[in-house]
Amino acid sequence: MLSSRVRLVATTARLVHSQIYSSSRSFMDLKALLCSLNDFASLSFAESWDNVGLLVEPSPPHTVNTLFLTNDLTEEVMEEALQKKADLILSYHPPIFRPMKRITWKTWKERLVIRALENRVGIYSPHTAYDAAPQGVNSWLAKGLGVCTSRPIHPSKAPDYPTEGTHRVEFSVTHTQDLDKVVSSLKEIAGVSVTSFSARADDEEQTRLSLNCTQQALMQVVAFLSQNRQFYQKTEILSLEKVIKDILCYSAVLFDKFICKKHKVVMKALLVSCFLYREESPVKVVALCAGSGSSVLQGTDADLYLTGEMSHHDVLDAASQGISVILCEHSNTERGFLSDLRDMLHAHLENKINIILSETDRDPLHVI
Ligand SMILES: [Zn+2]
């Protein structure tokens, strides 16, 4: 029955589906691993401008014994990944962003692709999907601030982020001719809105249907699917209610004198290499953003902006409004998340594969 294939997770924003993992204890098929990574943090929460997911794929079948985590995939990091026999590199920042017109030995990004394919190593990037995940980068960054409450500053700009419903259900319609029948049956359920469906040009050429629904309607949707299993496959159910957007604002209990007395703790927690703040300002509300926070923090009412980098003029703007600024260098606000990620993925993947952290990955800027 459906209930044995699909688990509902009501308290976290995890994507749950019927994918069955490889039975091997030391390998996972790449496709199964990608499904499981999507369970951990759905790529649908990435920003529309981003380039996330599987960016380099060795010819199938491809099995993964070692997953290699890095913040940035430089040539030095690639060399380390190859030495350590990585089968898949998870690079938080996408090493391919702008379209490539050729793959030659001329530029370092092209060389990365060549090295990866010649050595049968896949490259996967989650980037802003992990920023938005409840257990993601911004949540990790906030840990350095101690106990505090939080809320998103901006709503997610993800293209298919729902405006209604508490759950999203996605599945593939087995036969295209059944699509109208399935859609009209589901639309009859109160609280269901079909958000999109399209013929996917993947290897199985199936039609993918996506709908948002209320908690109450979800039970009816599941019942419909359960009674009509011939119509669909590859079901995914996503609970949307606990999704954290990409930015957090902290209203903290302990922030009076926090910066003056505890900034060394913050620095240690975040590996801060550079900071600027106004000592005379009491800090009660912190707006934080991993990476480059200028545009997203601009105009936010807070005592302190905490981010990786801001332009000189944006810092001046903040200072003119009495807002303190801590700048940690871009990737110092991101990289530390990877050790948390390794532990979470070990548990999520049930220790089926090796997961290792890069030792050569580091911020390119050093304060001397
Ligand atoms: Zn970044």
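Residues numbered from 1 in each chain as written. Predicted model: local features only at pLDDT ≥ 70, side-chain atom pairs only at ≥ 80, totals over all residues. Heavy atoms only, no water.

Student: Requested: an account of the environment of Ile103, with residues and values cited.
Tutor: By secondary structure assignment, the location of Ile103 is in the loop between β6 (88-91) and α4 (108-118). A C-alpha to C-alpha distance of 7.5 Å links Ile103 and Val113, two positions ten residues apart in sequence. Beyond its immediate stretch of four places on either side in the chain, Ile103 contacts Glu110, Val113 and Ile114. (Helix = DSSP H or I, 4+ residues; strand = E, 2+ residues; numbered from the N terminus. Contact = heavy atoms within 4.5 Å.)

Student: Explain the sheet that holds strand β17 (residues 354-357) residue by residue, including any values.
Tutor: Strand order in the open sheet formed by five strands is β3-β7-β6-β5-β17, with mixed pairing between adjacent strands. Edge positions in the sheet fall to β3 (53-56) and β17, since each has one partner strand and no second. Taken pair by pair, the neighbouring strands of this sheet meet at an average axis angle of 25 degrees, ignoring direction. Pairing geometry for β3 and strand β7 (residues 122-125), over three bridges, is antiparallel. Counterpart to Leu54 in the pairing with β7 is Tyr124. Helix-sheet contacts for helix α2 (residues 30-40) involve β3, β6 and β7, and the interaxial angle to β6 is about 20 degrees. (Pairing = 2+ DSSP bridges. Axes fitted to C-alpha atoms, helices over the stretch in contact; angles between N-to-C directions.)

Student: Explain helix α11 (residues 312-320) to me, and be specific about the residues and the numbers.
Tutor: Among the residues making up α11, those that are buried are Asp314, Val315 and Ala318. Projected down its long axis, α11 carries its buried residues within an arc of 100 degrees, all on one side. Exposed positions of α11 whose direction lies more than 90 degrees from the buried face are His312, His313 and Ser320. Looking at the buried residues of α11, the elements they touch are α10 (294-297), β15 (304-309) and β16 (324-327). Gly322 lies just past α11 and shows a positive phi near 75 degrees. (Buried < 20%, exposed > 50% of the residue type's maximum accessible area, 1.4 Å probe, protein only. Arc of directions from axis to C-beta.)

Student: Tell me about the UniProt feature "binding site: a divalent metal cation" (unreviewed entry) in the chain, and name the residues and values.
Tutor: Taking the numbering used here, the UniProt-annotated feature "binding site: a divalent metal cation" (unreviewed entry) corresponds to His93, Asp131, His330 and Glu334. For this annotated set, covering 242 residues, all C-alpha atoms fall within 13.8 Å of each other, a compact arrangement in space. Take His93: it is sitting in the loop between β6 and α4. Overall, His93 belongs to the buried group, its relative accessible area being 15%. Among all residues touching His93, those that are not within four sequence positions of it are Asn71, Asp72, Ser125, His127, His330 and Glu334. (UniProt positions renumbered as here; feature names shortened; annotations may be inferred.)

Student: I'd like a description of the pattern of salt bridges, backed by residues and values.
Tutor: Within this structure, the stated rule accounts for nine salt bridges. Here Arg335 ties to Asp72 by a salt bridge, and the two come within 3.5 Å at their closest N and O atoms. Of the two residues, Arg335 sits in the loop between β16 and α12 (337-348) while Asp72 sits in the loop between β5 (66-70) and α3 (75-83), which places them 263 residues apart along the sequence. Put simply, Arg115 and Glu79 hold a salt bridge, and the shortest N to O gap is 2.6 Å. Of this pair, Arg115 sits in helix α4 while Glu79 sits in helix α3, placing them 36 residues apart in sequence. Since its relative accessible area comes to 23%, Arg115 is described here as partly exposed. Put simply, Asp72, Arg335 and Asp361 are held in one network by salt bridges that share partners. (Salt bridge = Lys/Arg side-chain N within 4 Å of Asp/Glu carboxyl O.)

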